[in-house]
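Observations on chain architecture
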Amino acid sequence: MSGLVNLRCVRLAPWLAYALALLLAPLVFDSSLGQTLLAQIGIAIIACLSFNLLLGQGGMLSFGHAVYSGMGAFLAMHTLNRVSGGLPLPVSLVPLAGGLGSMALALLLGWVTTKKAGTAFAMITFGMGELVSATALVFAGFFGGEAGVSGNRVAGPAPWGITFGPQSQLNLLIALYTLVCTALMFAFTRTPLGRLLNAVRDNPERLAFVGFNPQVVRYQAFAIAAFFAGVAGGLAALNFEMVSADVLGAHRSGAYLLFTVLGGTGYFFGPIIGAVLMVLAFVLLSGLTKAWLLYVGLTFVLMVIHAPGGVAALLVAHWRLLRRSGWRRLWLAYLAVFASAGVTLAGFAVLVEMVYHLQQLAALGPVLPFFGLLLQVQHWADWLAAGVVFVSGLGLLTLSRRHCLRRQAQLLQGGG
Amino acid sequence: MEFVALSLLNGVSYGLLLFMLSAGLTLIFSMMGVLNFAHASFYMFGAYLAYSISLWLGFWPALLLAPLAVGLAGALFERYGLRRVRRFGHVPELLMTFGLSFVAVELVQALWGRSSVDYRVPQVLDGPLFSLFGTQFPAYRAFMMLLSLLVLLALWLLLRTRVGLVIRAALTQPQMAQALGHNVPQVFTLVFGTGCALAALAGVLGGNAFVTEPGMAQAVGGMVFVVVVVGGMGSLVGAFLASLLIGLMQTFAVAIDATSKLAPLLPYLLMVLMLIWRPQGLLGERES
């Protein structure tokens, strides 16, 4: 009996931690940059989790998920403008309007989209995505053309003085939506439909043989994922108070895909990590360096080759390994791997930044400031030094990784 | 009459370029089941490399060297990238090419800058070939058309030799071909490299006919998928017909006022409708 309760406590702990993190983070990061980041992270978490309902849970690789988050944003924005015009609907429910609208669109387009999984699904979602984003530029009435549609989130009555005007009030709403949507999506994976969806992913023929129609299962899951994507879009509309056609486009869909996979599709919490990485990359990394997309792209390619399970799978695997073989006997080996990876990254980053700098030599001058270093991009010595750091880092990384793997194998064998 | 004749010529020349670009993708896609997202990136690499080589050696060596170099790069990518993730299934392979398409745009920007480069048509071909109803038809367009037709002919002949027989076997029945002792992975590398080289050749020709800039891969990337889907799996002739169809459709839609706003929509509409009603494409033999 106590074992059962204990088990429940263990399962509840991550959720409590997650809820606390969502609600306390605004108090810790209360600068304006912090608030901006947190709002976007909350929205991205919902979007990436909804993407993973398709990819991770249903084996459907979508190249057009932004269609649903984007349509949700447009529908929410038009609803918000109605609210400003006198529609009796609280602003806090506007994202739901986006979600329901996206779900309706998914019910309309989803049946033909979900006929097949795999590459056929990837292609048709890609085609739908291009079709919708091209349509958005033609119908300027609904989509606002190049300028987009804007609105004001301070609308309607303000119960208890909550207008959602200040970012901190909106962030609380976003945190609540994020928590509830995460819980609902997790609950969905435990429903019979969620389990059927996993079966469709793993073996559609067998499921069909048992008497379920795989297309129906995929269709239902597609509509549910579209609902959550629409909610995320609606929150984004409230957050930015502006929606333009690029939220529907292939770039946005690609970002969901890239960062969800980076976070890890095999675990429910993987996309949450991916969403955090996405916002950090889009807001912080892009401000830090012009080459940020190169770093993101290369990280993605390396992850697909070496760790197809994403960050989540890496974390879980190493966490288990460290628990089984003991932190104390392995920390040095891990430290060596991290240190040499850092050296490699530093060398690589210097090389990349120098190449980018050389491209704009006329505008920027011959000196590249890099974390306190002043690099002369026209001197061969600086290139050589960066190259040596990179290559030796790579060598060290290979050696330390091999050592770490050997050590792990020894400990696992020794410990039985 | 004048309008129809000119649009017809422009449409056919655009369609033929599209065909050269998508011929390789059709082979890769139908053979390996991989939707190569980076295919248009190889087209872009072709154009940029040709630009650099033509500054150094001139256009004609570039016409040969750029596709060879890009083909080699494609083969290496297949051998050391795609083949390593193949055991995990098609999705990681697709993701890999998707990642490469990101990296490619950034690489091009790092090496050649963010604005377009001045890649020009060679002087011999710079000028009109003939004029029709008072409008001139550029000689370079005719050269592009000629080369595309030669590529179609060469591919058609290649698929009828002994090597082509193995490729076609690996295309339709990979397991069986493997069981009969053919090195199917090596055939994959070969086909992938050839496909990339063809894309690069299209880039060499399209880069100076249109414009060589970092956005050029994205501009044609979607169109290439449309051609492959509409043409059908594993069918070169299907890809040829689909390219011409889309080339003509686009040219006419842009030229006619009433439909010019809808022009960017039409190919994708065609693709989606095709996937819904005829997933095997115009001439494809099987569904994906």
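The rules behind the values
- Residues numbered from 1 in each chain as written.
- Chains lettered and ligands numbered in written order.
- Predicted model: local features only at pLDDT ≥ 70, side-chain atom pairs only at ≥ 80, totals over all residues.
- Helix = DSSP H or I, 4+ residues; strand = E, 2+ residues; numbered from the N terminus.
- Rg over C-alpha atoms; globule rule 2.2 N^0.38 Å.
- Buried ≥ 20, exposed ≤ 12 C-beta atoms within 10 Å, placed from the backbone.
- pLDDT = per-residue confidence, 0-100.
- Contact = placed C-beta atoms within 7 Å.
- Nonpolar A, V, L, I, M, F, W, Y, C, P; charged D, E, K, R; others polar.
- Axes fitted to C-alpha atoms, helices over the stretch in contact; angles between N-to-C directions.
- Parallel < 35°, antiparallel > 145°, perpendicular 65-115°, else oblique.
- Left-handed = near helix turned anticlockwise from the far one by under 90°.
- Pairing = 2+ DSSP bridges.
- Domains from an automatic or database assignment.
- Core = buried A, V, L, I, M, F, W, Y, C linked by C-beta atoms within 7 Å.
- Expected span 1.5 Å × (residues − 1).

Before going further, it helps to spend a moment on the overall build of chain A. Scanning chain A from N- to C-terminus turns up 17 helices and four strands. Here the C-alpha radius of gyration of chain A, 24 Å, is about what a compact globule of 416 residues would show, namely 22 Å. The buried share of chain A, taken over its 416 residues, is 42%.

Scanning chain B from terminus to terminus reveals 11 helices and two strands. Moving toward the C terminus, one meets the helices and strands of chain B in the order α-α-α-α-β-β-α-α-α-α-α-α-α. Within chain B, buried positions represent 49% of all 288 residues.

The next point concerns the confidence of the model for chain B. Looking at chain B, pLDDT values average 85 and 97% of them are 70 or higher. In the predicted assembly, ipTM is 0.86 and pTM is 0.88.

Okay, the interface of chain A and chain B next. Every contact between the two is made by 31 residues of chain A and, on the other side, 34 residues of chain B. Of all the elements in the fold, those that place two or more residues in the side of chain A that touches chain B are α5 (118–138), α13 (292–306) and α15 (327–359) of chain A. No other element matches the 14 residues that α5 of chain A contributes to the side of chain A that touches chain B. Here the residues of the side of chain A that touches chain B are counted per class, giving 24 nonpolar, six polar and one charged.

Okay, the packing of helix α2 (residues 39–56) of chain B against helix α4 (residues 90–112) of chain B next. Residues and elements named next belong to chain B. Running from N to C, α2 and α4 cross one another at 15°; their axes reach a closest spacing of 10 Å. Our classification of the angle between α2 and α4 gives roughly parallel. Handedness of the crossing formed by α2 with α4: left-handed. Counting all contacts with α2, which are made through S41, M44, F45 and Y48, the residues of α4 involved are L100, S101, A104, V108 and W112. A breakdown of the residues in the contact of α2 with α4 according to their chemical character gives seven nonpolar, two polar and no charged.

The next point concerns unusual backbone geometry. Residues and elements named next belong to chain A. In this structure, E241 takes a positive phi of about 55° despite not being glycine. Turning to its location among the elements, E241 is positioned in the loop between α10 (214–240) and β2 (242–243). Take E241: there are 15 C-beta atoms within 10 Å of it, and that puts it in the partly exposed class.

For the rest of this paragraph, the subject is the pairing of strand β4 (residues 373–376) of chain A. Judged from the four bridges that link them, strand β3 (residues 367–370) of chain A and β4 of chain A form a sheet pairing that is antiparallel. Looking at β4 of chain A, one finds that V367 of chain A is bridged to Q376 of chain A.

Attention now moves to the domain arrangement of chain A. Domain assignment breaks chain A into domain 1 (16–149 + 162–293) and domain 2 (326–415). For domain 1 of chain A and domain 2 of chain A, the distance between their C-alpha centres works out to 36 Å.

Turning our eyes to something else, we now look at the nonpolar core. Counting residues in hydrophobic clusters, the biggest one holds 193 residues, and the most contacted among them are I46 and F228 of chain A together with Y43, M44, A200 and V227 of chain B. A total of 16 residues in this core trace back to one element, the largest contributor, which is α10 of chain A. Residues in contact with M44 of chain B, not counting those within four places in the same chain, are A104, V108, G203, M216 and A217 of chain B.

The next subject is helix α14 (residues 310–325) of chain A. Residues and elements named next belong to chain A. With 16 residues, α14 ought to run about 22 Å at 1.5 Å a step, and its terminal C-alpha atoms sit 23 Å apart, in line with that. Taken residue by residue, α14 has G310, V311 and A312 as its buried positions. On its buried side, α14 packs onto α11 (250–263), α12 (270–288) and α13. At the exit of α14 stands G326, carrying a positive phi of roughly 95°.

Next up on the list: the environment of A47 of chain B. All names here are of chain B. Note that A47 resides in helix α2. A47 sits 171 residues away from Q218 along the chain, and the two C-alpha atoms are 14 Å apart. Sequence-distant contacts of A47, defined by excluding residues within four places in its chain, comprise Y119, G203, V204, G206, G207, T212 and M216.

What follows is about the environment of A197 of chain B. All names here are of chain B. Secondary-structure assignment places A197 in helix α8 (residues 184–209). As for A197 and L68, which are separated by 129 residues in sequence, their C-alpha atoms are 6.1 Å apart. Not counting the four nearest positions on each side in its chain, A197 is found in contact with P67, L68, V70, G71 and G74.

Residue and element names in this part refer to chain B. Contact pair α2 / α8: the axes reach a minimum separation of 7 Å and the direction vectors enclose 55°. Judged on the interaxial angle alone, α8 and α2 are oblique. The way α2 lies across α8 gives a crossing that is right-handed. Each of H39, F42, Y43, M44, F45, G46, A47, A50 and Y51 in α2 lies in contact with α8, whose residues at this interface are C196, A199, A200, L201, A202, G203, V204, G206 and G207. Looking at the contact of α2 with α8 residue by residue, the classes come out as 13 nonpolar, five polar and no charged.

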